[in-house]
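Architecture and fold: a report
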Amino acid sequence: MAEVKLVGLEKKFGDVSVIHSINLDIADGEFAVLVGPSGCGKTTTLRMVAGLEEASGGSILFDGKPVKRLQPKDRDIAMVFQSYALYPHMSVRDNMAFSLRMKGVSSSEKKRLVGFAAEMLGITDLLDRKPRQLSGGQRQRVAMGRALVREPKVFLFDEPLSNLDAALRAQMRIEIKRIHQRLRTTIIYVTHDQVEAMTLADKIVVMNRGHIEQVGDPLTLYRRPVSRFVAGFIGSPKMNFFPAKLLSDESGLHADLGDGIRIEMPRERDGVYRPYAGRSVEIGIRPEHLLDDNRLIDSGAIAMDVTIDVVEPLGSTSLITFVLGGTSYTAIGDIALMRRPGNKVRLKAAAKDIYLIDPESGRVVHPADNDSTMIRLAV
Amino acid sequence: MTRRTGWQRLGLGLAVTVLLAFAAFPLLWMGLTALKPPSEIFAWPPRLLPEAPTLSNIGRLFAQTHFVTYFKNSLIVSTAAVVLTLLLAVPGAYGLTRYRFWGRETIAATVLFTYMFAPIMIIIPFYIVMRTLGLANTHIALVLAYCAFSLPFALWMLRTFFQSIPIDLEEAAMTDGASRFRAVIHVVIPMALPGIIATGILTFILAWNDYIFARILISSDNLKTLPVGIADLYNASVIDWGMIMASGLLVIIPVVIVFSYVQKFLVAGWGSGGVKG
Amino acid sequence: MQTRGLPGLLLVLPALLLLVTLTLYPVGYGFWLSLHAKHSLFPQQTFVGLDNYLYLVNDPEFWESLRIGLIYSVSTIALQLVLGVAAALLLNESFFGRNIVRGLVLFPYMIPTVVAVILWKWMLNNQFGLINFGLVSLGISNEPINWFGRSYIMISLILVSVWQFFPFVLLAVLARLQSIPTELYDAARVDGAGPVNRFLFVTLPQLASVLFIIILLRSIWMFTKFDTVWLMTQGGGAERYIRTMPVYAYLRTFNYYEAGMGAAVAIVMFLMLVVAATTYFFLFRQEDQL
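Described below are features of the structure shown in this document. (Residues numbered from 1 in each chain as written. Chains lettered and ligands numbered in written order. Predicted model: local features only at pLDDT ≥ 70, side-chain atom pairs only at ≥ 80, totals over all residues.)

This next bit is on the packing of helix 3 (residues 107-121) of chain A against helix 4 (residues 136-148) of chain A. A pair of packed helices is captured by two measures, namely the crossing angle of their axes and the spacing between those axes. Residues and elements named next belong to chain A. Where helix 3 contacts helix 4, the axes come no closer than 9 Å and their chain directions differ by 140°. Between helix 3 and helix 4, the interaxial angle falls into the category oblique. Crossing angle aside, the handedness with which helix 3 passes helix 4 is right-handed. Contact residues: Ala 117, Ala 118, Met 120 and Leu 121 in helix 3; Arg 141, Met 144, Gly 145 and Leu 148 in helix 4. Of the residues contributing to the contact of helix 3 with helix 4, the split by class is six nonpolar, one polar and one charged. (Axes fitted to C-alpha atoms, helices over the stretch in contact; angles between N-to-C directions. Helix = DSSP H or I, 4+ residues; strand = E, 2+ residues; numbered from the N terminus. Parallel < 35°, antiparallel > 145°, perpendicular 65-115°, else oblique. Left-handed = near helix turned anticlockwise from the far one by under 90°. Contact = placed C-beta atoms within 7 Å. Nonpolar A, V, L, I, M, F, W, Y, C, P; charged D, E, K, R; others polar.)

All names here are of chain A. Two strands pair when backbone bridges link them, and strand 12 (residues 252-258) and strand 13 (residues 261-264) are joined in this way by four bridges, in the antiparallel orientation. Across the sheet, the residue bridging to His 254 is Glu 264, located in strand 13. The hairpin turn running from strand 12 into strand 13, its antiparallel successor, is two residues long, and Asp 259 in that turn takes a positive phi close to 55°. (Pairing = 2+ DSSP bridges.)

Right, let's get into the sheet that holds strand 1 (residues 4-13) of chain A. All names here are of chain A. Taken together, the four strands give an open sheet; going across it, the order is 2-1-4-5, and neighbouring strands pair in antiparallel fashion. Unpaired on one side and paired on the other, strand 2 (16-26) and strand 5 (65-66) mark the two borders of the sheet. In this structure, strand 1 lies alongside strand 2, joined through seven bridges in antiparallel fashion. Its bridge partner being in strand 2, Phe 13 is matched across the sheet by Val 16.

On to unusual backbone geometry. Backbone phi values are negative for most residues with the exception of glycine, while trans is the configuration of most peptide bonds. Residue and element names in this part refer to chain A. With omega at 0°, the peptide bond leading from Ser 236 into Pro 237 counts as cis. Within the secondary structure, Pro 237 is located in the loop between helix 8 (228-233) and strand 11 (240-249). Despite not being glycine, Ala 85 has its phi angle at roughly 50°, a positive value. If you trace the backbone, Ala 85 turns up in the loop between strand 6 (77-80) and helix 2 (92-103). By C-beta crowding, Ala 85 is classed as buried, having 26 other C-beta atoms within 10 Å. Unusually for a residue other than glycine, Glu 159 sits at a positive phi of about 45°. Positionally, Glu 159 belongs in the loop between strand 7 (154-158) and helix 5 (166-183). (Buried ≥ 20, exposed ≤ 12 C-beta atoms within 10 Å, placed from the backbone.)

As for its placement among the helices and strands, Phe 270 of chain C is situated in helix 13 (residues 259-284). On the basis of neighbour count, Phe 270 of chain C is assigned to the partly exposed category, with 19 C-beta atoms found within 10 Å. Distance in space between the C-alpha atoms of Phe 270 of chain C and Thr 224 of chain C is 9.0 Å, their sequence separation being 46 residues. The contact partners of Phe 270 of chain C, leaving out residues within four places of it in the chain, are Phe 117 and Met 121 of chain B.

A few words now on the interface of chain B and chain C. Interfaces are often sized by the accessible area lost when the parts come together. At the junction of the two partners, chain B supplies 78 residues and chain C supplies 77 residues. Examining the composition of the side of chain B that touches chain C, we find that 14 residues originate from one element, helix 12 (residues 241-271) of chain B, more than from any other.

See below:
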């Protein structure tokens, strides 16, 4: 187990800077997930922690000790690769035992460690097979087994589930979480899938273009995203961003979305929002908070009347697409209402689920926070 | 990819230099010698660069020997071999790729199997056969021999090229109103052109460089190709080194020129078998 | 839409015809020839059954050619392999000018054998050759070495053969090296393998299938090589000491004018190759062939 700290970590390729001064603290035993779109730098960061890429600047500390100068094998880490990278000509057993063999561990000790890892992953009867005889899911487990065997300080995962089909992925997620609960080793996990991030992480690190956008636990990132990027990245389906003008009149602040739609801003946020009066803003509402549902309503709800464009049944609910000002948006509907394209409906959302975004800075404007788990990062 | 230490960089540079020197320097030395006057060629200790570079060696080569004839013969024979090989291999490879018929895979395998018979095995009976046909000591015999030796490889290489061109393209052309033949001419051949050119080049090099068939099949001096001609030049009593080196230099020029294009294909062709999907 | 076939067969027919008449027929004819006594220049022959073969069994020249041939083949193949693989590993690294170097290093393979031979005859010349100059000035040898005399001819021959053909090994190995996924090396590094272990446990196993084929092909070609051997050994006084089997077959046919005997030697070579190749195949066959 180790605590991992990144201080001012940078990476340049020639003159091009791809990672700009990253600062991150990961506590001992924490499951941290680096998430972001392709090219955001998450894999590069992971590889620097592993020692497979050389950092151009800054430092990496394991339990307070700098490891930047150490070779991967001396950092006491283990890594699971996206393509598993199993040695094709070796049996599963030999694959898992390879690192131990490099260290010069005794046969009996090798047997014990391999047996233990195999049992934890349920691959004991596969030990004598070769990788090409295994299915994708089995290979993935062997790759994890190879990492487990090393009893490292930090586990590194590089998009391990992206080559699996949806069903297997869901299954493996649970396995990984179970292993973490059992072993309590520090994990740094890279993925582009925000669902994986939300379900697995103790701490999510959202990255974009070589920067960290926000760090926090899943719920905080979901409820209080710091920037438009994070708001749009976390949560599926994606948050709706309605361009609007923030106007002030006798009744208070409201947003004009065009097409006659008007949203009253919650009174209690008047102070925070007023500076933006008269400006173009964006109103963010998650589809799951924009409901065509007769049941909901508390006072302070906002409503918009729209015409349905497409209906996608999901089983118990349906995804409703509607068009406003030439752009498509999504809402969730009650399937029992049997909506059809062309129907006019009234969509409602609770006041607490509305976000105001300043398009210039890309920041989400939040009322003063009394929630101390949210971390603001200066870029 | 970690950066290399200074020592590692030095070692790498050293190893590359040694390799380069081993492989390429002898050729360079040959070229330099060809351009030196005899006084410098036989200087001891030898100097690297010519002080007074001269074309006299080349001049003597043209004037005193039948080098030009040999060059002409090589050109004729090699070009004819390429033409014949491509004429047979392109339709042949196409037939092996796009059509299913009984024995197809057996034929494809047997074709490659002929390479197990090394030239030396074939040349003796081949010579007797040609003699019987009255074709001994003709260019025709040579062209036939070179074609026979290039065909298996040409068929194999062109087949892989054709296989990599999706059949959808021909089908699209045919639904657009082209006959199969025209579809092939206008669609497939242009796309396979790199492969066809590479095959042609390799055949050319094989014919251009060959010694054994030319030695055995040709006895008249005026029909000799370059490799045989040069070997005989060398064996003539007093060796004119400058001239010999000049002949070597001139012989490899077409190969050098042509080779720069082949290089890309050779590496690609060999590698495609092992690349992950 | 792979249509059924007659047109396909017709397309292949001309090529097949040529191959059969010019390759398979001569081979068959070669077998037939070996059972006859035939003067190379005259059309008549006499059937002698296995007499030619029996003669060879008792012929010291034949056995000598086999011995020399094996020494030559094994040495050149081994050296070509080592040099080719080493060069491929080297050229797999990235460095400035790598592509140019890759091109230049392939030259020895692309030039005619004649040129390779005369070029080295010049470099190894006992009066004016660069090599002797280097050896003498560095004090390695007291006087210039006669590279084409009996003592050193085999070494010169091997040197030139390796120089000429190692690029073939280099090409094939390099192509394979470039398709090895780098993640395997990453995993090995994380697992604690240093450069040597990475070569042994990642690179070499991946190269196994290419090496299998290369060894097979080069063995066939070096065992049956004629022109390099012939050209290197002519005129240096050492001809009679270095006769590999192909040279012996040639001499039997064109010096002794015994075409049947020459054919017999060639057939023996062929049979040896078939046996060796089959054994090799069964022993070392790789499951994941190209």
